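# Residue-level structure breakdown
As a plain string of letters, each chain reads:
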Amino acid sequence: MPATYLRQATNEDLPAIKKIIKEAKAYLKQQGIDQWQNGYPDDEALETDVKFGITYVLIIDGKIAGTAALHQGLDVNYLNIHDGEWVNGIHGRYTAIHRIAMSADFRGQHLSDKMITGLITISGVLGYKDIRIDTHPDNFGMQHVITTNGFTKRGTIYMTEKGHEATPRYAYQLIIG
């Protein structure tokens with residue numbers, strides 16, 4: 001059984017992270033999902049995430065199988081929620097899972113569950129009880145992963161990406177004990 005764990009990403013991981021994000025963009029496009037098709041997330045965002053220590057990588061048998069960012073604190077995209085509300089309000093103390101993607105080499109192995117479970121655990125260890133995540137309305141696969149990991153749909157937020165108009169995202173929340 002290969003060792004499976006999450007760890008904080010380092011600069012040495014950036015080539016693999018960038019490759020995974022590029023593969024994910026192509027996979028979304030192939031499915032006809034208009035998510036990550038306007039340049040976001042770009043290399044600069046990925047480099048900044050690693051620099052600030054919010055990127056985590058899923059390691060399977062010594063290889064990077066996935067990546068995600070775990071934002072801590074206020075997320076400006078989550079301030080305005082439509083058709084619902086956050087359990088703890090817009091200014092609650094929370095982590096937000098962003099830019100989750102799996103390597104094409106590991107796709108179809110249900111590893112997104114391991115990634116999310118690990119990020120939930122890290123959130124708890126960091127002292128957070130409120131975890132939020134969002135995804136594109138057409139990304140049924142990620143919606144399934146999110147809800148099967150205990151998250152509840154709370155409403156719709158609008159994600160602002162550099163130079164593009166805000167686009168809707170389904171927003172989910174999980175409160176842990």
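Presented here is a report on the structure given in the accompanying data block.

Calculation criteria
- Residues numbered from 1 in each chain as written.
- Predicted model: local features only at pLDDT ≥ 70, side-chain atom pairs only at ≥ 80, totals over all residues.
- Heavy atoms only, no water.
- Helix = DSSP H or I, 4+ residues; strand = E, 2+ residues; numbered from the N terminus.
- Polar contact = N/O pair within 3.5 Å; in protein donor to acceptor, adjacent residues only side chain to side chain.
- Contact = heavy atoms within 4.5 Å.
- Pairing = 2+ DSSP bridges.
- Axes fitted to C-alpha atoms, helices over the stretch in contact; angles between N-to-C directions.

A few words on the side chain of D130. Along the chain, D130 turns up in strand β5 (residues 130-135). One polar contact links D130 to N88, side chain to side chain, over a distance of 3.1 Å. Engagement of the side chain of D130 in a polar contact is seen with the side chain of R132, the distance being 3.0 Å. Beyond its immediate sequence surroundings of up to four residues, D130 is in contact with N88, R93, Y94, T95, Q173, L174 and I175.

Glancing now at the sheet that holds strand β4 (residues 94-102). Two strands in a sheet stick together by hydrogen bonds in their backbones, pointing the same way (parallel) or opposite ways (antiparallel). The strand order across the open sheet formed by seven strands is β1-β2-β3-β4-β5-β7-β6, and the pairing between neighbours is mixed. Two strands close off the open sheet at either side, each with one partner strand: β1 (4-8) and β6 (152-159). Each adjacent strand pair in this sheet contributes to an overall mean axis angle of 30°, direction not counted. Two elements, β5 and strand β7 (residues 167-175), share six bridges in a ladder whose sense is antiparallel. Bridge pairing in β7 links I133 to Y172.

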